[in-house]
Amino acid sequence: MSWLGGAMPLRVSAHAGPADLPDELVTSVRCVVRVGELVVFCENVDGGHVLPGGRRHPGETHADTVRREVHEETGWLLDGESLRPLGWLHFEHLAPRRPDYLYPYPDFLQVVFQGTATERAGGSDWTDTDGYELRSRLVSVAEARRTSLNGPLATTFLDLL
């Protein structure tokens, strides 16, 4: 399987619950963002997903990264006190390493959080600051399960809500 339409073949597995993960292998964080009884659903050029997030900047905690990335991709402002880790994603490259690949290889991890948002900066006209996400909208958990590009991976974490 390739992750979000990427060109590198990957084996991806989802793991629920806490874990003591090696920090050097955690490249990114993801978040299931709740707004009341709904979740934020992102739409990008590859389809739709319920796990906004991205790469950590040097010196950022996982919580700092997830707050920044969710805001950049969706406009939603996460309540820092609401953040809790749900589990993690384990990625394993199935192809030889490219010489220009800068991240842990062949395995890397992404921590998945749940967080609550009550306010959206910029209102309903928010645009992703990096231009990858086309839009985001609120959907029921049932709709997120049916339409998420992440499919069974997202369901692992949606079941924990």
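Note: the structure precedes this text.
Residues numbered from 1 in each chain as written. Predicted model: local features only at pLDDT ≥ 70, side-chain atom pairs only at ≥ 80, totals over all residues. Heavy atoms only, no water.

Novice: Would you take a moment to explain the environment of Gly-122 for this structure?
Specialist: Looking at the secondary structure, you find Gly-122 in the loop between strand S8 (107-120) and strand S9 (133-139). Counting along the chain gives 47 residues from Gly-122 to Gly-75, while the straight-line C-alpha distance between them is 6.8 Å. (Helix = DSSP H or I, 4+ residues; strand = E, 2+ residues; numbered from the N terminus.)

Novice: Looking at this model, I keep getting lost on a nonpolar patch on the surface. Mind explaining?
Specialist: A contiguous nonpolar patch, built from Val-45, Tyr-132 and Leu-134 and spanning about 280 Å² of accessible area, is present on the exposed surface. Within the secondary structure, Val-45 sits in the loop between strand S3 (38-44) and strand S4 (47-49). (Patch = residues over 30% accessible without salt bridge, like charges linked within 9 Å, V, L, I, M, F, W, Y side chains within 5 Å. Areas by Shrake-Rupley, 256 points an atom, 1.4 Å probe, with all protein chains shown as cover. Salt bridge = Lys/Arg side-chain N within 4 Å of Asp/Glu carboxyl O.)

Novice: What should I look at first to understand the environment of Pro-99 in this one?
Specialist: Tracing the chain through its elements places Pro-99 in the loop between strand S7 (84-93) and S8. Under the relative-accessibility criterion, Pro-99 is labelled exposed at 86%. Residues Pro-99 and His-49, 50 residues apart in the sequence, show an inter-C-alpha distance of 30 Å. (Buried < 20%, exposed > 50% of the residue type's maximum accessible area, 1.4 Å probe, protein only.)

Novice: Any chance you could explain helix H1 (residues 62-74) here in plain terms?
Specialist: The α-helix winds at 3.6 residues per turn, so residues separated by three or four positions along the chain end up facing the same way. The terminal C-alpha atoms of H1, which comprises 13 residues, lie 18 Å apart, in line with the 18 Å expected from a rise of 1.5 Å per residue. Listing the buried residues of H1 in full gives Thr-65, Val-66, Arg-68, Glu-69, Val-70, Glu-72, Glu-73 and Thr-74. The secondary structure elements touched by the buried residues of H1 are strand S2 (26-35), S3, strand S5 (53-55), strand S6 (76-78), S8 and S9. Backbone geometry just downstream of H1 places Gly-75 in the positive-phi region, at approximately 85°. (Expected span 1.5 Å × (residues − 1). Contact = heavy atoms within 4.5 Å.)

Novice: I would appreciate a short explanation of the nonpolar core in the present structure.
Specialist: One broad rule of soluble globular proteins: the nonpolar side chains tend to lie buried together. Core analysis: the biggest nonpolar cluster contains 20 residues, and Val-32, Val-39, Val-50 and Leu-158 have the highest contact counts within it. When contributions to this core are tallied by element, the ones reaching two or more residues are strand S1 (10-16), S3, S7, S8, helix H2 (141-147) and helix H3 (151-158). It is H3 that contributes the most residues to this core, four residues altogether. When residues no more than four places from it in sequence are discounted, the contact partners of Val-39 are Val-32, Val-33, Arg-34, Val-50, Arg-137, Leu-138, Val-139, Ser-140, Val-141, Ala-144 and Leu-161. Among the nonpolar cores identified, the runner-up in size contains 17 residues, and Val-26, Val-33, Val-70 and Val-111 belong to it. (Core = buried A, V, L, I, M, F, W, Y, C linked by side-chain atoms within 4.5 Å.)

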